[in-house]
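Reading the structure
Each chain is listed here by its residues.
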Amino acid sequence: MNCVGCNLHACEGKHVLPNCPSALTGSDKIVEEYRKEQNAVLARVSSEVSMSRNGKKTRMEEIMEVAHGCGYQRLGLCFCMGLFREAQIVHHILEQNGFEVVGIVCKTGGVPKEALGIENGGNAMCNPIGQAYYLNEHHTEFNIALGLCVGHDSLFFRYSDAPVTVFAAKDKVLGHNPLACIYTLEGYYEDKLLPK
Ligand code: SF4
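Quick look at the structure, then. (Residues numbered from 1 in each chain as written. Predicted model: local features only at pLDDT ≥ 70, side-chain atom pairs only at ≥ 80, totals over all residues. Heavy atoms only, no water.)

Considering the overall build of the protein chain
The secondary structure content of the protein chain amounts to nine helices and four strands. Scanning the protein chain from its N terminus toward the C terminus, one meets helices and strands in the order α-α-α-α-β-α-β-α-β-α-β-α-α. Along the first, second and third principal axes, the C-alpha set of the protein chain runs to 55 × 50 × 35 Å. By the burial criterion, 33% of the 196 residues in the protein chain qualify as buried. For the protein chain, the accessible surface area stands at approximately 13,000 Å², while carbon and sulfur atoms represent 56% of it. Across the protein chain, the centroid of the 18 positively charged side chains sits 2 Å from that of the 22 negatively charged ones. (Helix = DSSP H or I, 4+ residues; strand = E, 2+ residues; numbered from the N terminus. Buried < 20%, exposed > 50% of the residue type's maximum accessible area, 1.4 Å probe, protein only. Areas by Shrake-Rupley, 256 points an atom, 1.4 Å probe, with all protein chains shown as cover. Lys, Arg positive; Asp, Glu negative; His and termini not counted. Charge placed at Lys NZ, Arg CZ, Asp CG, Glu CD.)

Structural notes on the packing of helix 3 (residues 37–51) against helix 4 (residues 59–70)
The geometry of helix 3 relative to helix 4 is characterised by a closest axis approach of 9 Å and an angle of 140° between their N-to-C directions. Here helix 3 is positioned oblique relative to helix 4, judged by the angle of their axes. Seen from above, helix 3 lies across helix 4 with right-handed handedness. On helix 4, the residues that touch Val41, Leu42, Val45, Ser46 and Val49 of helix 3 are Glu62, Glu65, Val66, Gly69 and Cys70. Tallied by class, the residues present in the contact of helix 3 with helix 4 amount to six nonpolar, two polar and two charged. (Axes fitted to C-alpha atoms, helices over the stretch in contact; angles between N-to-C directions. Parallel < 35°, antiparallel > 145°, perpendicular 65-115°, else oblique. Left-handed = near helix turned anticlockwise from the far one by under 90°. Contact = heavy atoms within 4.5 Å. Nonpolar A, V, L, I, M, F, W, Y, C, P; charged D, E, K, R; others polar.)

Side note on the packing of aromatic side chains
Note on aromatic pairs: each is described by the distance of the centres and the angle between the planes. One pass over the structure, following the stated rule, counts three aromatic pairs. Here Phe79 and Phe84 contribute two aromatic rings whose centre-to-centre distance is 6.1 Å and whose plane-to-plane angle is 45°, an arrangement assigned as tilted. Judged by relative accessible area, which is 41%, Phe84 ranks as partly exposed. (Phe/Tyr/Trp six-rings, centres within 6.5 Å; stacked < 30°, edge-to-face > 60°.)

Comments concerning the site of the ligand
Taken together, the residues surrounding the ligand are Met1, Cys3, Cys6, His9, Ala10, Cys11, Leu17, Cys20, Pro21 and Ser22. Of the residues contributing to the shell around the ligand, the split by class is eight nonpolar, two polar and no charged. (Near = heavy atom within 4 Å.)

Observations concerning the side chain of Ser22
Looking at where Ser22 falls in the secondary structure, it is placed in helix 1 (residues 22–25). Not counting residues up to four positions away in its chain, the partners in contact with Ser22 are Cys11, His15, Val16 and Ser27.

Considering the pairing of strand 2 (residues 100–105)
By the bridge criterion, six bridges tie strand 1 (residues 74–79) to strand 2 in an arrangement that is parallel. Within strand 2, the position partnered with Phe79 by the bridge is Val105. For the segment spanning strand 1, helix 5 (residues 84–96) and strand 2, crossover handedness is right-handed. (Pairing = 2+ DSSP bridges. Right-handed = clockwise from strand over helix to strand, strands pointing away.)

Read these as spatial facts, not as claims about activity.
Rendered as structure tokens:
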């Protein structure tokens, strides 16, 4: 069974069907992982926040609520240079709400793209591993990704010691709302996204 093709959603009702991914994902071994110290609080608080006043809180509010609930005081803000102004505003909001914030931009390190074998690369390369290292060095407890490029975000997730949440996913065409092409697929994006 593939969850994408499933119309039963038995897992939502806490049932396990034959040949269903739930047989693996609901195992004692997985549940035990949630009980580990580094996961237990985050798992519980995330569920509580997502359940509470569903649909009435912005993602910005939910990020702060999760951070407060988990007792995270020092936050990392890992952002794209193209969203510098937005990062300043997010930084301000977080500080006003009592957090200590360490901000780090994607171009940090000033490493030329030639280091990646890209000739005439123009400005410095994005440096998500450097961003992660910097936040790791500052012992941030929870990192917020703001507008990182596809793939650069993957490297940041891989190297970040602290758990990461995404505030905004970069989409330069759709105002950083990538789902817009899904919602308007039939009208505008069908030819581009569903090659015949
Ligand atoms: S886990 Fe099982 S029941 Fe749940 S959506 Fe996937 S296939 Fe369906």
